[in-house]
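So you can see what is in the structure, the chains are spelled out below.
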Amino acid sequence: MRQHLCRRKGCRMSISGRRVRLRALEPGDIPLLHRWANDPAIWRQLGGWQFPSSEASTLAWLEGLATDRLNQRFAIERLEDGLLLGTANLVAIDWKNGTAFHGMMLGAAETQGKGYGVDTVMTVMRYAFDELRLERLDGDIIEYNAASHRLYVGKCGWREEGRQRGWHFREGRRWDRILVGVTRQDYADLVAENRYWAG
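Residues numbered from 1 in each chain as written. Predicted model: local features only at pLDDT ≥ 70, side-chain atom pairs only at ≥ 80, totals over all residues. Heavy atoms only, no water.

Student: Please explain the pairing of strand 8 (residues 159-170) as it appears in this structure.
Tutor: Looking down a regular strand, the side chains alternate between one sheet face and the other. Here eight bridges tie strand 8 to strand 9 (residues 173-183), and the two strands are oriented antiparallel to one another. The residue of strand 9 that forms the bridge with R163 is I178. Here strand 8 hands over to strand 9 after two residues, with E171 in that stretch at a positive phi of 55°. (Pairing = 2+ DSSP bridges. Helix = DSSP H or I, 4+ residues; strand = E, 2+ residues; numbered from the N terminus.)

Below you can see the structure in the form of structure tokens.
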């Protein structure tokens, strides 16, 4: 895994995939994060409930991340030019049992459907399993989010492990919450089969 770490002022550690780089969120990301946090089209696809947020609240949220070692959030940037694409996370990390919850948000609509999501998930898994030595990751998907289901279950080796019926309320009706997960062995089997990091 390519990890970059330098000690000069302004340098930062990053985790590189084939097409994206995961790095710490920075104050310079606030304008885009704020815009995405208030975009109904983005939040319709995500599991949490969202209220309108101010730029100040987005900055306060970012500042609170600095000391939180059990909830890690990353900026996703395009490797070729550093364009901020969205955010990814490893949260509720349980070091004793080797588990964490993972989620991702791609906010740059013009870059969706071009393989950045797959590379983000593959990079997160490689970091979680090969570097942090976690044993499994969990996630969830709203029933109507077919694109996320195809990404995680269809392309990235995750498995559907259950449903919580009628868990989400959106657009005047109830939708299932699909529980998905992936183990270290699932990831190893996927990489052995698709040779994702081979070239």
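Student: So what exactly am I meant to see when it comes to the confidence of the model for the protein chain here?
Tutor: Detailed reading of predicted coordinates is not advised where the pLDDT is low. Summing up the model confidence of the protein chain, the mean pLDDT is 86 and the portion of residues at 70 or higher is 85%. Between residues 1-11, whose pLDDT stays under 50, and residues either more than four places distant or in other chains, the model counts 21 contacts. (pLDDT = per-residue confidence, 0-100. Contact = heavy atoms within 4.5 Å.)

Student: Explain the environment of T111 to me, please; I cannot follow it from the model alone.
Tutor: By the element assignment, T111 lies in the loop between strand 6 (99-106) and helix 4 (116-131). By relative accessible area, which is 4% here, T111 ends up buried. In the structure, T111 is positioned 26 residues away from L85 in sequence and 7.4 Å away in space, judged by C-alpha atoms. What T111 contacts, discounting residues up to four positions off in sequence, is R78, L83, L85 and Y116. (Buried < 20%, exposed > 50% of the residue type's maximum accessible area, 1.4 Å probe, protein only.)

Student: When you look at the packing of aromatic side chains in this model, what are you seeing that I'm missing?
Tutor: Aromatic ring pairs are defined here through the distance separating the ring centres and the angle between the ring planes. According to the stated counting rule, one finds five aromatic pairs in the structure shown. Ring plane angle 85° and centroid distance 4.7 Å describe the contact between Y144 and W175, whose orientation is recorded as edge-to-face. With a gap of 31 residues between them, Y144 in the loop between strand 7 (136-142) and helix 5 (146-155) and W175 in strand 9 connect regions that are remote in the sequence. With 4.8 Å between their ring centres and 85° between their planes, Y196 and W197 make a pair best called edge-to-face. Overall, the relative accessible area of 22% leaves W197 in the partly exposed class. Lying across the ring of W167, R177 places its NZ or CZ 4.4 Å from the centre. (Phe/Tyr/Trp six-rings, centres within 6.5 Å; stacked < 30°, edge-to-face > 60°. Lys NZ or Arg CZ within 6 Å of the ring centre and 35° of its normal.)

Student: Help me understand the pairing of strand 5 (residues 84-94), please; the structure alone is not making it clear to me.
Tutor: Judged by how many residues are buried, strand 5 sits mostly within the fold: nine of eleven residues are covered. Bridge analysis of strand 4 (residues 72-78) against strand 5 gives six bridges, and the strand direction is antiparallel. Bridge pairing in strand 5 links Q72 to L90. The turn linking strand 4 back onto strand 5 is made up of five residues, and G82 within it adopts a positive phi angle of 75°. Direction of pairing for strand 5 relative to strand 6: antiparallel, over a ladder of seven bridges. When the sheet's bridge partners are listed, V91 is paired in strand 6 with F101.

Student: What exactly am I supposed to notice about helix 1 (residues 30-37) here?
Tutor: Think of an α-helix as 3.6 residues a turn; residues three or four steps apart then line up on the same face. For helix 1, the complete set of buried residues consists of I30, L33, W36 and A37. Take helix 1 and look down its axis: the buried residues cluster within an arc of 130°, on one side only. (Arc of directions from axis to C-beta.)

Student: What exactly am I supposed to notice about the pattern of salt bridges here?
Tutor: For side chains bearing opposite charge, pairing can occur when the charged atoms are close. Taken as a whole and assessed by the stated rule, the structure comprises twelve salt bridges. Measuring nitrogen to oxygen at the nearest pair gives 3.3 Å for the salt bridge that ties R184 to E135. Taken together, the residues span a long stretch of sequence, with R184 in helix 6 (residues 184-194) and E135 in the loop between helix 4 and strand 7 at a distance of 49 residues. Salt-bridge contacts for R159 lead to D186; the nearest nitrogen and oxygen are separated by 3.1 Å. Here R159 is found in strand 8, whereas its partner D186 is found in helix 6, with 27 residues between them in sequence. A residue is classified by how much of its surface remains accessible, and D186, at 12% relative accessible area, is buried. Among the charged side chains, a salt-bridge network with shared partners connects R21, R23, D29 and E77. (Salt bridge = Lys/Arg side-chain N within 4 Å of Asp/Glu carboxyl O.)

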